[in-house]
Amino acid sequence: MRIAIIGAGGVGAVFGAALQQAGAEVAFVARGAHLQALQTRGLTIRDQAGATLSTGAVTAVDDPAAIGPVDLVILTVKLWDLAAAAAAIRPLIGPATLVLPLQNGVEAADIIAAALPGPEVLGGVAYVSARIEAPGVIRQTGTMRSLAFGHRNGSAGETVRALDALCRAAGIKGGASDRIEAVLWEKLTFLASVAGVGSATRQPIGVMRAVPETRALLAAAFAEIVAVGRARGVALAADLAERTMATVDGLPEVTRSSMQQDLEAGGRLELPWLSGAVVRLGAAAGVPTPAHAALLGVLAPYVEGRR
Ligand SMILES: NC(=O)C1=CN([C@@H]2O[C@H](COP(=O)(O)OP(=O)(O)OC[C@H]3O[C@@H](n4cnc5c(N)ncnc54)[C@H](OP(=O)(O)O)[C@@H]3O)[C@@H](O)[C@H]2O)C=CC1
Ligand SMILES: CC(C)(CO)C(=O)C(=O)O
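Everything numeric in this text was worked out from a predicted model, so none of it was measured.

Brief notes about the overall build of the protein
So, step 1. In terms of helices and strands, the protein carries 12 helices and 13 strands.
So, step 2. Here the protein has a C-alpha radius of gyration of 19 Å; the compact-globule value for 307 residues is 19 Å, and the two agree.
So, step 3. By residue count, 52% of the 307 residues in the protein fall in the buried class.
So, step 4. Pairs at least 24 apart in sequence give 69% of the contacts found in the protein among residues at least 6 apart.
So, step 5. Carbon and sulfur atoms provide 54% of the accessible area of the protein, an area that totals close to 12,900 Å².
So, step 6. Put simply, the protein has 26 plus and 25 minus side-chain charges, and the middle of one group is 4 Å from the middle of the other.

This is how it looks when you write it as structure tokens:
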């Protein structure tokens, strides 16, 4: 399978390198010093178990036209770069090319479809904790590597099945899903809440879940997202908020979301597509979202980076 990965950061590099090792023909679209490092030295991925993967030279370009049509385009830029990146992938699109976004939130597919009408956009969810440590070097926290992807109407297709097989060969957990819309909302329930409460308190998950008042805020934040999703017709389990708290209780106490790490590093925040989306989509569905509105208000001053 020919795959183009747009944005070789934490998510794009970890999954792109794994898919390449499993036999896919992978080309990365990158920029700046990171692109130069990929072209000269390839990717080095260090995980917390002490394992280091060095890919050697990889195909990496700054212009998608240098790659030509592929079977699958995986978009792994941050949400603020997504519309521009999507508009630039036209040269990668052939008659059967599928596009797979792996951004957090539930709006990536719609952002891409608006920027690039035409190709079918799948739903996709990534579970990994990874960031660029230096040009060409990725640091993964923990060892979790899991993907969920599928046609948004729940159907199965040849490219999705082939990607599922590649994931299994690559040791990536998860795989094809016939309920990807619900999986996206399940992750939003966890992520927007943990990212919002963690960023507002500047505390890791171990503290958030142990302090009763903060735990209550987390529980309220989960419940709001479940209510918004269900009001929009997404098939979410009635006990999803409780199950999400059980997930939180099972995670290492030092866990922090990528948004909280971005905040602590003085970087931009994906807040508009996390708590921001919960408030926006809640208002459209007539569902009150006071917890996320408060998190949005507290964090909005930092959305463009350091203050
Ligand atoms: N990191 C994580 O652990 C997880 C992240 N996610 C989600 O995945 C998405 C990606 O996050 P993450 O991997 O952390 O992001 P990163 O910032 O690590 O990587 C994005 C990369 O894409 C590059 N980029 C942006 N636009 C373009 C473009 N037009 N052409 C080429 N390269 C481009 C960026 O370059 P530059 O630095 O120059 O901007 C950067 O190198 C986010 O939506 C995030 O929420 C989901 C699960 C886990
Ligand atoms: C929670 C985690 C690490 C799971 O993939 C994530 O998506 C994020 O922090 O953005």
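Further notes follow.
Details of the sheet that holds strand β2 (residues 25–29)
So, step 1. Sheet architecture is open: 6 strands sit in the order β5-β2-β1-β6-β7-β8, paired in parallel fashion. Edge strands, defined here as strands with exactly one partner in the open sheet, are β5 (59–61) and β8 (120–121).
So, step 2. Packed on one face of the sheet, helix α2 (residues 32–40) meets β2 and β5 and runs near 150° to β5.
So, step 3. Here helix α5 (residues 158–170) sits on the sheet in contact with β1 (2–6), β6 (70–75) and β7 (93–101), set at roughly 50° to β7.

Points about the pairing of β6
So, step 1. Burial within β6 is extensive, with 5 of its 6 residues counted as buried.
So, step 2. By the bridge criterion, 4 bridges tie β1 to β6 in an arrangement that is parallel. Considered in β6, the bridge of isoleucine 6 is made with leucine 75.
So, step 3. As paired elements, β6 and β7 share 5 bridges and run parallel to each other. Across the sheet, residue leucine 72 finds its bridge partner in β7, namely leucine 98.
So, step 4. Once you follow β6 into helix α3 (residues 82–87) and on to β7, the crossover reads as right-handed.

Regarding the UniProt feature "domain: Ketopantoate reductase N-terminal" (unreviewed entry) in the protein
So, step 1. Those residues carrying the UniProt feature "domain: Ketopantoate reductase N-terminal" (unreviewed entry) are residues 3–153 in this numbering.
So, step 2. In the segment residues 3–153, helix accounts for 23% and strand for 36%; the C-alpha atoms at its two ends are 22 Å apart.

Topic: the pattern of salt bridges
So, step 1. As enumerated under the stated definition, the model contains 14 salt bridges in all.
So, step 2. Salt-bridge contacts for lysine 78 lead to aspartate 262; the nearest nitrogen and oxygen are separated by 2.8 Å. Here lysine 78 is found in the loop between β6 and α3, whereas its partner aspartate 262 is found in helix α10 (residues 258–264), with 184 residues between them in sequence.
So, step 3. Overall, the relative accessible area of 28% leaves lysine 78 in the partly exposed class.

The rules behind the values
- Residues numbered from 1 in each chain as written.
- Chains lettered and ligands numbered in written order.
- Predicted model: local features only at pLDDT ≥ 70, side-chain atom pairs only at ≥ 80, totals over all residues.
- Heavy atoms only, no water.
- Helix = DSSP H or I, 4+ residues; strand = E, 2+ residues; numbered from the N terminus.
- Rg over C-alpha atoms; globule rule 2.2 N^0.38 Å.
- Buried < 20%, exposed > 50% of the residue type's maximum accessible area, 1.4 Å probe, protein only.
- Contact = heavy atoms within 4.5 Å.
- Areas by Shrake-Rupley, 256 points an atom, 1.4 Å probe, with all protein chains shown as cover.
- Lys, Arg positive; Asp, Glu negative; His and termini not counted.
- Charge placed at Lys NZ, Arg CZ, Asp CG, Glu CD.
- Pairing = 2+ DSSP bridges.
- Axes fitted to C-alpha atoms, helices over the stretch in contact; angles between N-to-C directions.
- Right-handed = clockwise from strand over helix to strand, strands pointing away.
- UniProt positions renumbered as here; feature names shortened; annotations may be inferred.
- Salt bridge = Lys/Arg side-chain N within 4 Å of Asp/Glu carboxyl O.

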